[in-house]
Structures are given as structure tokens and as C-alpha cells.
Amino acid sequence: MALKTNIAQLNLYLQRQASSHSRYALEQILYLLMSWIPSIVGITIRALFYRLILKMDGWVAIENGVRLRFADHIRLGHGAYLDKGTYLHACPNGIDIGPNTIVMYGALLHVYNFRELPHSHIHIGRDCLIGEYTVIRGQGGVDIGDRVYSSPFVQIIAVNHVFDDRERPFVDQGITAEGIIIEDDVWLGSGSIITDGVRIGQGSVVAAGAVVTHDVAPYTVVGGVPARLIREIGVNNDQVEDKIIYMAKTSF
Ligand SMILES: CC(C)(COP(=O)(O)OP(=O)(O)OC[C@H]1O[C@@H](n2cnc3c(N)ncnc32)[C@H](O)[C@@H]1OP(=O)(O)O)[C@@H](O)C(=O)NCCC(=O)NCCS
């Protein structure tokens, strides 16, 4: 009996790591051989051989110590960068990261679809920056546009537990998962939390520490818990502050 339970648990573990047992073996062998190799040597080797297990458009840079699960459901655009310590768990329907998007140290992107939700996924557009220790959970689907920046410790969590029945533990009451949409050119400040069902409009800014529970109108700044309008961008903004502005270097 104990043996049967152990085998069942082992099977469950494997089902949550890869699309099949053979895929698990293939992916783990590649990680064993090359996920640890540091420097530009490791990046080059992974750029060549990881395309056996995940979808790569052109060339991508994957640092050592990156953890990937369900690699066959991951697509990386040309010029994408995964920093050391990032963790992508892409059980159906996958993680799609656009061209030139950078995922910084310790970021965790988890589709977390163990209930076979048809709409679970994480899609990130081009030229985005996913900041250090950002957590994205994609049960309800997370769609992030182009040039979106998340600062350190942002959380984008497309799921809620149901808990209205006092007679049953919340773990037996299911979840809701509506999805989160973040449109182009949004900046999410450090430590902000985006809850399920929210749409963040184009060009808006979420202040550090905000908890966003309602839709955010385009070109607005919101902040606080729960997040409220701080100001509209480009409206009565003639109070140009006396600060030095540094621009990004666009060519080398
Ligand atoms: C929101 C932010 C961008 C400032 O925007 P701003 O439009 O210039 O806002 P101001 O500084 O003029 O402040 C406007 C009001 O919003 C408030 N406010 C500013 N930041 C806030 C925040 N994080 N939470 C709540 N309220 C905030 C100010 O106190 C001020 O309120 P008041 O008018 O009652 O005094 C800035 O405060 C912020 O949160 N930056 C994020 C920093 C960060 O995460 N950096 C990481 C870079 S990768």
C-alpha cells in the first residue's frame, strides 16, 4: 500500500515537471550537462542546445542556474535574456517571452495550471524588463504588452481562492482565474501587486507598494492600498522638476 502511494506521488511529481516522462528525462539530462556552465561559454552552449527542448526564435541568452519546467511550452523571442536564478514553469498553455525582453535575477514565472484551465498562460511582449524577484502567476492568463517594465518584487497574480463557505476549508472551494492584462508602455513600481481581473491601461504608472484591485485608465499614475488615482499623465504637468534626467544609451 505504502509502495503504491509512493509511486502515485512520484508520478504526480513527474506530471508537474514535464509534458511526459521521456520529456522529463531529456530536459533533465540537458540541464545536468549544461545548465551550470558559467560565462559566455555557457550562454553559447545553451543557445545552441536548449532549442532541442524549447522554442527559440533566433538567439537568446540564458545564464547558468536558470530553472525551466515544461520547456516544450516555453517560447523565447530573438534577443531575450534570462538572468541567473530565474524560474519558468510553463505547464499548459505556456510562457511566451517576446524579442529583446529581459528577465532579471530571481524572477519567477509560473503558469501554475494544475486544474486544466483552458486559458492559463503568460505572454510577455517585446522590449520588456521583468525586474528582480518579480512573481507572475498565470492561472487566469497574464498578457503583458510591449516595453512594460516591472520593478523589483512586483507580483502579478491572476488567481484568487474562493472562501465564502464557512463550512468548508477554502482549499475545497476552488479558485477563480479571470486574467490580467497590462497594456504597452506601463511601468510597475517596486513591490506593487496586481490582483486578478485587472486591466492596466497603456502608458500608465503604478507607484511603489500599490495594490491594484481595479482597472487602471491609460496614462494615469495610481498608488496606495488599494490603488487610487494620483494624477493623469500629460495633464497640468507643467511643474517640470529641477532634476537631472539620464537617457538610455541606444547604440554602442
Ligand atoms: C509614483 C512615483 C513614480 C511618483 O510619481 P509622481 O507623479 O511624480 O508623484 P509625486 O511624487 O509628485 O507625488 C504625487 C502624490 O502621490 C503620492 N505618492 C507618490 N508615490 C507614492 C507611492 N509609492 N504610494 C502612494 N502614494 C505615493 C505623493 O505622496 C503625493 O501625494 P500628495 O500630493 O498627497 O503629497 C514614485 O513615487 C514611485 O512610486 N516610484 C517608483 C520607484 C520604483 O519603484 N523604482 C524602481 C525603478 S526600477
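Residues numbered from 1 in each chain as written. Predicted model: local features only at pLDDT ≥ 70, side-chain atom pairs only at ≥ 80, totals over all residues.

Caption draft 1: Summary view of the overall build of the chain. Tallying secondary structure elements over the chain gives 3 helices and 25 strands in all. Taken against the 2.2 N^0.38 rule, which gives 18 Å for 252 residues, the C-alpha radius of gyration of the chain at 20 Å falls within 12% of a compact globule. By its C-alpha atoms, the chain is 70 × 60 × 25 Å across when sized along the principal axes. Across the 252 residues that make up the chain, the buried fraction comes to 33%. Counted over contacts in the chain with a minimum sequence separation of 6, partners at least 24 positions apart contribute 27%. (Helix = DSSP H or I, 4+ residues; strand = E, 2+ residues; numbered from the N terminus. Rg over C-alpha atoms; globule rule 2.2 N^0.38 Å. Buried ≥ 20, exposed ≤ 12 C-beta atoms within 10 Å, placed from the backbone. Contact = placed C-beta atoms within 7 Å.)

Caption draft 2: The arrangement of the pairing of strand β25 (residues 228–232) in detail. Judged from the 4 bridges that link them, strand β24 (residues 220–223) and β25 form a sheet pairing that is antiparallel. Pairing of Thr-220 across the sheet is with Glu-232, part of β25. Between β24 and the antiparallel strand that follows it, β25, lie 4 residues; Gly-224 among them carries a positive phi value of about 95°. (Pairing = 2+ DSSP bridges.)

Caption draft 3: Just unusual backbone geometry, in detail. Omega for the bond connecting Pro-92 with Asn-93 falls within 30 degrees of zero, at 5°, which places this linkage in the cis form. Topologically, Asn-93 is positioned in the loop between β6 (87–89) and β7 (95–97). Along the chain, Val-225 connects to Pro-226 via a cis peptide bond; the corresponding omega equals -10°. Here Pro-226 is to be found in the loop between β24 and β25. Backbone geometry at Phe-70 places phi at a positive 50°, although glycine is not the residue there. Given 24 C-beta atoms within 10 Å, Phe-70 falls into the buried group. If you check the backbone angles, Asp-127 has positive phi at about 55° while not being a glycine. Residue Asp-127 is classed as partly exposed on the basis of its C-beta count, with 17 C-beta atoms lying within 10 Å.

Caption draft 4: Representation of the site of the ligand. Around the ligand lies a shell of 13 residues, among which Gly-189, Ser-190, Ala-207, Ala-208 and Gly-223 are the nearest. Counting residues per element, the ones that place at least two in the shell around the ligand are β24 and β25. Residue classes in the shell around the ligand are distributed as 5 nonpolar, 7 polar and 1 charged. (Near = placed C-beta within 6 Å. Nonpolar A, V, L, I, M, F, W, Y, C, P; charged D, E, K, R; others polar.)

Caption draft 5: A look at the sheet that holds strand β14 (residues 149–150). Read across the sheet, 9 strands follow the order β2-β5-β8-β11-β14-β19-β22-β24-β25 without closing on themselves; strand pairing throughout is mixed. Every other strand in the sheet has two partners, leaving β2 (61–62) and β25 as the edge strands with one partner each.

Caption draft 6: Summary view of the nonpolar core. Ile-74, Ile-95, Ile-156, Ile-200, Val-206 and Val-212 are the most contacted members of the largest nonpolar core, which has 55 residues in total. Taken together, the elements giving at least two residues each to this core come down to β4 (74–76), β7, β10 (122–124), β13 (142–144), β15 (155–157), β18 (180–182), β20 (193–194) and β22 (205–206). (Core = buried A, V, L, I, M, F, W, Y, C linked by C-beta atoms within 7 Å.)

Caption draft 7: Spatial organisation of the sheet that holds β7. The strand order β1-β4-β7-β10-β13-β18-β21 describes an open sheet built from 7 strands, whose pairing is parallel. Every other strand in the sheet has two partners, leaving β1 (55–56) and β21 (199–200) as the edge strands with one partner each. Summarising the sheet, β13 and β18 pair through 3 bridges and their orientation is parallel. Paired with Asp-143 across the two strands is Ile-181, which belongs to β18.

Caption draft 8: Structural detail: the pairing of β24. Across 2 bridges, the pairing between β22 and β24 is parallel. Residue pairing across strands places Val-205 opposite Val-221, the latter belonging to β24.

Caption draft 9: Quick look at the environment of Leu-229. Relative to the helices and strands, Leu-229 resides in strand β25. Residue Leu-229 is classed as exposed on the basis of its 12 C-beta neighbours within 10 Å. Separated by 43 residues in the primary sequence, Leu-229 and Val-186 have C-alpha atoms spaced 15 Å apart. Other than its neighbours up to four places away in sequence, Leu-229 contacts Thr-220 and Val-222.

In short, the description is geometric, and any link to function would need to be established separately.
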